[in-house]
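Spelled out from the first residue to the last, the chains are:
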Amino acid sequence: MDYQFKEIEQRWQKFWAANQTYKVNNTSEKPKYYVLDMFPYPSGAGLHVGHPLGYIASDIYARYKRLKGFNVLHPMGFDSFGLPAEQYAIQTGQHPALTTEENIKRYRVQLDKIGFSFDWSREVRTSNPDYYHWSQWIFMQLFNAWYNRTSDKAEPINHLIAHFEQHGSDGIDAFSDEDVKTFSAEEWKYFTEEEKQRELLKYRLAYLRESTVNWCAALGTVLANDEVIGGLSERGGYPVEQKKMMQWSMRIVAYAERLLNGLETVDWPDPLVEMQRNWIGKSIGALVKFTTESNKDIEVFTTRVDTIYGVSFIVLAPEHEWVDELTQTEQRNLVQSYVEKTKKKSELERMADTKAVSGAFTGSYAIHPLSGDRIPIWIADYVLAGYGTGAVMAVPSGDQRDYLFAKHFNLPIIPIHDRQNIEQEADPSKEGRYINSDLINGMTYSEAVPFLLEKLEEMGKGKGKINYRMRDAIFGRQRYWGEPVPVYFKNGLPYLIKESELPLVLPEVDQYLPTESGEPPLGRAKNWKYQDQYDYELSTMPGWAGSSWYWYRYMDSQNSDEFVSKSAVDYWRAVDLYIGGSEHATGHLLYSRFWNKFLKDLGYVPEEEPFKKLINQGMIQGRSNFIYRVLDEEGKGTNTFVSYGLKDGYKTNAIHVDVNIVVNDILNIGKFKASRSEYKDAEFILENGKYHCGHEVEKMSKSKFNVVSPDDIIDAYGADTLRMYEMFLGPLEQSKPWNTNGIEGVFKFLRKFWKLFHDQDFNFKISDDKATPAELKALHKIIKKVQEDIDRFSFNTSVSAFMICVNELTDLKCNKREVLQDLCLVLAPYAPHITEDLWEKLGNEPGTISYASYPVFNPEYLVESEFAYPISVNGKVRLKIQLSLSMEAFEVEQEVLKNKDLQKYLEGKSPKKVIIVKGRIVNIVL
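The structure presented is a predicted model; accordingly, all values stated were derived computationally and were not measured.

Caption draft 1: Just the pairing of strand β33 (residues 866–873), in detail. With eight bridges joining them, β33 and strand β34 (residues 876–884) adopt antiparallel strand pairing. By the bridge assignment for β34, F867 is matched with L883. Taking the residues that link successive antiparallel strands as the turn, the β33-β34 hairpin has two residues, and the phi of N874 there is positive, at about 50°. For β33 and strand β36 (residues 921–925), the ladder comprises three bridges, and the chain directions are parallel. Looking at β36, one finds that S872 is bridged to N923.

Right, dumping it as structure tokens:
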């Protein structure tokens, strides 16, 4: 029979599942290799053809590494907590667990159809209590830990308590809140339990604090910066405002330097590394105090203390805690109005908008620490409460935003360099010598900075400091569908539940909305109290909690005693290859690295960095199709549609049409008419009897009718065709448009490959004869090429090479076992179903191809032993003759001249001269 892909693929998918072909052990004599995909959120829409791109690439690599003799861990699971399921629950009243389960089933069916070699025995779901038991446990470890700057790592909070009991706060150098107390061991002894817990909360790595957050009232939750676009929630498009709330936070800034240093040790894409560096935003500078006339010290962080004499005003963030106190009566209405307006902007918007100038004067002044001048205090939205101290010393001559602000509000712009040109814009250069700068006049930059730091420290007005743009991570959502935080409150202070009481399971609620009094949905749970008397935390963990450690759970997913056993983690250690989207650069990937470093500090994991090599796959974009509705004289749409090539003769508007009823840009008119009742009587102006659609590359989405389901492709062409075609589209890292029109070529290749093993009547027919040099050359070229391509993740070029190889073997009429069995092995990572089937037909044990050995490349087969000499007669090539390259020139001449096919071109004449260029050409002159 011809290539029956449906039957073949269904058979082997059942075989793999029944025999657990890809189940892997945590012990092996083979070297280990851990291949990981960023696990998906299971949405109701299922997968479209863009989603499996990274999974296909990782599966090819995993299968290849097995053939290369590695014990490969290649797992899959589901990031199954999240907003979409909860929003659907709010709309329908259906429990998120039910819709999530349905969505996961749909994903499993789709993933299995593509033929991935996942070890499904290790599947994890973040919404399963058996899983989030350990997310809660890790939270407990963070709550019970502090960061010791001296040892440069996290330590148990008990170590800190022991120090307090023996030495008080003396000698403690920790990442902590600013307002920690100074006390002796004796004073600590007499602190009440509440006082001790309140003080310890200032040191814990998981802690409560009042934070400025992105609050979305419509969604009833706090959103991360990347979930807010243009002042609206990314999901739903609801208004978002800045609001102060008590929130759980993680002290990630404690790890900022280690997070930066770790980037030097991983093999990650340069743009992604740079995104993390910029997000962490290390700055070396100084803290300087400007004392207000009401005797408050405003601390500012600056990276240019040398410009201090250029300060002509101070700017506070509108959320700064002292704004209300510093605002004078005559300015109050203006300031309050400005603060309210700022709440409607996200921090990303405020940072990005560099041209708009706005602000309000508080009416108060501070005293310059060196000159003694009165400096006006303003508020402006370009200063953020969470970066630095929430206050800046404005130097208009050296900073463009300060310059524009000063110009707008007519504030002084003081030149501070003898080479500074500030007529049109600020000049931040460090060249020249200082002017208008009192103590440092005439100095250079390198002279001025240490002098000023020493002077300010001597006066108690400043000191050197390293600052980071990154802020502690908010760790809470006012939502239902997430991990409960294992905390209860006593006298307003948080305490952990007992570890033996984990997991703290989500309670049932009557609705998934906030309570009437504004509490999160968990406030609706009846009789949900710790020990029947203490209130639980009503926020749930954010979406990134479950994804910040999941790769460890894959190592030991059935372990009910610990999140991962020491033996499992010591064997697998870190992820060797991680494939996923670059959109997770400053979210998941940063938080995962933070949690990993923390777990290493406490001795639970051995590696400092969790992901050794990371590849960002590009996006597969949609290829939209358009039809053109004819408009009448008044510009109203008619029920007539004109073909693309004729549309310029009409007034039209373009309408998206479902790409699944378009083939090679030709519309299936019958299916279009049947798609909606309004189109059943539509008329069409055709080109040569066909309706040609327009096309455009856009993001794949339902609204553009350009979503292509992998199910449809598999049904029409098979999973092996889909796998190879997705790789064939272009380099893995690049974005590229999906175009079903090109898939026929890959499908025909697989049919041609199938035919190598069969005679013209499709009977399986393999020869045990010895392969010819030409056949071995074709085989070893592909062995070498595919090995090199996979090792450098250049999967698209391998597909082209496979096509060339099969064409060569077809021309050679090769059906030799010696060649085709090895070719099966080389192709197996790309097209696992067809190769499994042929492997069995070749007489091998079913299912053993996955654990066979990749063929060894022999360079000797690529050494050319023969050459097809072009034979030219009087300068015109007439034919080619295959001759051994070992032949000397006189032997070549003898062999050529006795060739029968050449005689008609010689016309019975004897050559005047025969010119031979060995291995190149033979030229006969008559």
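Caption draft 2: The packing of aromatic side chains, seen in detail. Under the counting rule described, the total for this entry stands at 77 aromatic pairs. Relative to F611, the ring of W551 lies with its centre 4.8 Å away and its plane at 65°, an arrangement referred to as edge-to-face. Of this pair, W551 sits in helix α17 (residues 550–555) while F611 sits in strand β24 (residues 611–616); the two residues are 60 residues apart in sequence, bridging distant segments of the chain. Overall, the relative accessible area of 1% leaves W551 in the buried class. An angle of 80° between the planes, with centres 5.7 Å apart, marks the rings of F684 and Y691 as edge-to-face. No difference in accessibility class separates F684 from Y691, as the two residues are buried.

Caption draft 3: Geometry of helix α10 (residues 270–280). Those residues of α10 lying buried are L272, V273, Q276 and I280. Each buried residue of α10 sits inside an arc of 100° when the element is viewed along its axis, so together they form one side. Facing away from the buried side of α10 by more than 90 degrees, the exposed set consists of D270 and P271. In this structure, the buried residues of α10 make contact with α9 (256–262), β11 (282–292), β17 (462–468), α19 (588–601) and β24.

Caption draft 4: How the structure looks around the packing of helix α24 (residues 773–791) against helix α26 (residues 817–827). At a closest axis distance of 10 Å, the pairing of α24 and α26 adopts a crossing angle of 15°. In terms of orientation, α24 and α26 fall into the roughly parallel class. Seen from above, α24 lies across α26 with left-handed handedness. Counting all contacts with α24, which are made through E775, L776, L779, I782, I783 and V786, the residues of α26 involved are E818, V819, D822, L823 and V826. Here the residues of the contact of α24 with α26 sort into eight nonpolar, no polar and three charged.

Caption draft 5: Highlighting the layout of surface pockets. Of the voids in this model, the second largest pocket is the one considered here, and its volume is about 520 Å³. For the second largest pocket, the lining is made up of 25 residues, of which V659, N660, V662, V663 and T740 are closest to its centre. Among the secondary structure elements, those contributing two or more residues to the lining of the second largest pocket are β25 (620–631), β28 (662–663), α21 (710–717) and α23 (743–755). Looking at the lining of the second largest pocket element by element, the count peaks at four residues for α21. Grouping the constituent residues of the lining of the second largest pocket by class yields eleven nonpolar, nine polar and five charged.

Caption draft 6: Molecular detail of the sheet that holds strand β23 (residues 575–580). Spatially, β2-β1-β23-β24 is the arrangement adopted by the four strands of the open sheet, whose pairing is parallel. Single-partner strands in this sheet number two, and they are β2 (71–73) and β24. Neighbour-to-neighbour, the strand axes of this sheet turn through a mean angle of 20°, independent of strand direction. The sheet strands contacting helix α2 (residues 53–67) are β1 (32–37), β2 and β23, and the helix crosses β1 at an angle near 170°.

Caption draft 7: Region of interest: unusual backbone geometry. Residue L502 is joined to P503 through a cis peptide bond whose omega torsion reads -5°. In this fold, P503 is placed in the loop between β20 (493–496) and β21 (529–530). Backbone geometry places D152, a non-glycine residue, at a positive phi of 55°. By the secondary structure assignment, D152 is in the loop between β3 (145–148) and β4 (153–156). Phi at E907 is positive, roughly 55°, even though this residue is not glycine. With respect to the helices and strands, E907 occurs in the loop between α29 (903–906) and β35 (913–917).

Thresholds, definitions, all that
- Residues numbered from 1 in each chain as written.
- Predicted model: local features only at pLDDT ≥ 70, side-chain atom pairs only at ≥ 80, totals over all residues.
- Heavy atoms only, no water.
- Pairing = 2+ DSSP bridges.
- Helix = DSSP H or I, 4+ residues; strand = E, 2+ residues; numbered from the N terminus.
- Phe/Tyr/Trp six-rings, centres within 6.5 Å; stacked < 30°, edge-to-face > 60°.
- Buried < 20%, exposed > 50% of the residue type's maximum accessible area, 1.4 Å probe, protein only.
- Arc of directions from axis to C-beta.
- Contact = heavy atoms within 4.5 Å.
- Axes fitted to C-alpha atoms, helices over the stretch in contact; angles between N-to-C directions.
- Parallel < 35°, antiparallel > 145°, perpendicular 65-115°, else oblique.
- Left-handed = near helix turned anticlockwise from the far one by under 90°.
- Nonpolar A, V, L, I, M, F, W, Y, C, P; charged D, E, K, R; others polar.
- 1 Å grid on protein atoms, 1.4 Å probe; cavity = no way out; pocket = protein on both sides within 12 Å on 5 of 7 lines; lining within 4 Å.
- Points joined across faces, edges and corners; volume = space filled by probe spheres on them.

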